[in-house]
Amino acid sequence: MQYNIAVIGGGPGGYVAAIYAARSKAKVALIEKDEIGGTCLNKGCIPTKALIQSAHIYDLIKKAKRFGVNAENVNINWEAMQQHKNTIVANLTKSVETLLKVNGVDIYKGKAKLIDSNTINIISEVGEKSIRAEIIILATGSYPATIPIPGHDLEGVITSDEALSLPEVPQSMLIVGGGVIGIEIGYIYKTLGTEVTIVEIMPQILPRHDEEIARDLREVLQNIGIRIYTDAKIKSIEKISNHLKTTYETKQGIESVTTQKVLMSVGRKPVIDAFE
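Computed from a predicted structure; not experimentally measured. (Residues numbered from 1 in each chain as written. Predicted model: local features only at pLDDT ≥ 70, side-chain atom pairs only at ≥ 80, totals over all residues. Heavy atoms only, no water.)

1. Regarding the packing of helix 3 (residues 45-62) against helix 6 (residues 180-191)
1) Next: Running from N to C, helix 3 and helix 6 cross one another at 35 degrees; their axes reach a closest spacing of 9 Å. As helix 3 packs across helix 6, the resulting crossing turns out to be left-handed. Contacts from T48, K49, L51, I52, A55, H56, Y58, D59 and K62 in helix 3 reach E184, Y187, I188 and T191 in helix 6. (Axes fitted to C-alpha atoms, helices over the stretch in contact; angles between N-to-C directions. Helix = DSSP H or I, 4+ residues; strand = E, 2+ residues; numbered from the N terminus. Left-handed = near helix turned anticlockwise from the far one by under 90°. Contact = heavy atoms within 4.5 Å.)

Below, the structure is given as structure tokens:
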């Protein structure tokens, strides 16, 4: 197949570019190995906000008495929360895919590999095929980063991808990294009953944000029971029975916390396997 433009990656950068090009009368192909919509729609902003809303409603109902509303036997249905989140994601993903098709974009599901500056090989469950394009747009997105400390690959050490779809709410969780993703997930699970500890290597949480906002948010999080350690460096993670012992170093010395889960929330890296 010959195209004017081929886009590798179906996230916000890729599908918007593809639609714009198609509306400009170009013949366009889009290749995506996972779900259309990218990280934000499938494993980031949207599912996170859906779970935050569920957690917020649960927290509000528990406090209903102060507003003159009696609510008894309030509990969570984690499976239903997950289903609500998944439904929202699925509907939005379907909408984006429909928008692409309506605008005449050919969608290929599979893993893309650049052969040369004009040729893409697509590997899918049904086999392989190649397409050619005058212009190729790389919009391959990112994936969760980890840090190569001892124990980083143990069972129970997860990334944000897994954290949003755990089979049950864990009793305890240590979060490596006090950025936006770690704080959002920490809030969700703390509100639902998990004991949460956040360890951040920088002097403040939200290191790239305004100091006053970070300070005020830290106070809010600590008031709901989240333990936060800044200027703290993770040294190791080790398996202790069915839990994980995380050792970290602060200005006061070496400390450790034992939790059921450890979430690596240390940023993201670009996906480059299509053109390695």
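From this point, the narrative continues.
2. Concerning the sheet that holds strand 14 (residues 253-259)
1) Next: One open sheet holds the three strands; their spatial order is 12-13-14, and the pairing between them is antiparallel. Each of the sheet's edge strands pairs with one partner strand only, and the pair in question is strand 12 (233-240) and strand 14. This sheet shows a mean twist of 20 degrees between the axes of neighbouring strands, independent of strand direction.
2) Next: Of the strand pairs in this sheet, strand 12 and strand 13 (residues 243-250) are connected by seven bridges, and their pairing is antiparallel. Within the sheet, the bridge partner assigned to I240 lies in strand 13 and is H243. (Pairing = 2+ DSSP bridges.)

3. Considering helix 3
1) Next: In this model helix 3 runs 26 Å from its N-terminal to its C-terminal C-alpha over 18 residues, within 8% of the 26 Å that 1.5 Å per residue would give.
2) Next: Every buried residue belonging to helix 3 is among P47, T48, A50, L51, S54, A55 and Y58, and all of these are buried. Around the axis of helix 3, the buried residues are gathered within 165 degrees of arc, so they sit on the same side.
3) Next: In this structure, the buried side of helix 3 is in contact with helix 2 (38-43), helix 4 (78-102) and helix 6. (Expected span 1.5 Å × (residues − 1). Buried < 20%, exposed > 50% of the residue type's maximum accessible area, 1.4 Å probe, protein only. Arc of directions from axis to C-beta.)

4. A closer look at the packing of helix 1 (residues 12-23) against helix 4
1) Next: For the pair helix 1 and helix 4, the least separation of the axes is 9 Å and the interaxial angle reads 25 degrees. Judged on the interaxial angle alone, helix 4 and helix 1 are roughly parallel. Considering the relative orientation of helix 1 and helix 4, their crossing is left-handed. From helix 1, Y15, A18, I19 and R23 reach across to helix 4, where they touch V96, L99 and L100. (Parallel < 35°, antiparallel > 145°, perpendicular 65-115°, else oblique.)

5. Section: a nonpolar patch on the surface
1) Next: A cluster of nonpolar side chains, namely L60, F67 and V69, defines an oily patch on the protein surface of about 300 Å² accessible area.
2) Next: Structurally, F67 is set in the loop between helix 3 and helix 4. (Patch = residues over 30% accessible without salt bridge, like charges linked within 9 Å, V, L, I, M, F, W, Y side chains within 5 Å. Areas by Shrake-Rupley, 256 points an atom, 1.4 Å probe, with all protein chains shown as cover. Salt bridge = Lys/Arg side-chain N within 4 Å of Asp/Glu carboxyl O.)

6. What to know about the pattern of salt bridges
1) Next: Counted according to the given criterion, the structure contains eleven salt bridges.
2) Next: Between K101 and E97 there is a salt bridge; the shortest N-O distance is 3.5 Å. With K101 and E97 both in helix 4 and four residues apart, this pair spans about one turn of that helix.
3) Next: Classification of K101 by relative accessible area gives exposed; the value is 53%.
4) Next: Between E195 and R227 there is a salt bridge whose closest N-O contact spans 3.6 Å. A residue pair is termed long-range when its members are at least 10 positions apart, and E195 in strand 10 (residues 195-199) and R227 in strand 11 (residues 227-229) qualify at 32 residues.
5) Next: Given a relative accessible area of 36%, R227 falls into the partly exposed group.
6) Next: Three or more residues are tied together by salt bridges with common partners; here these are K33, K111 and D273.

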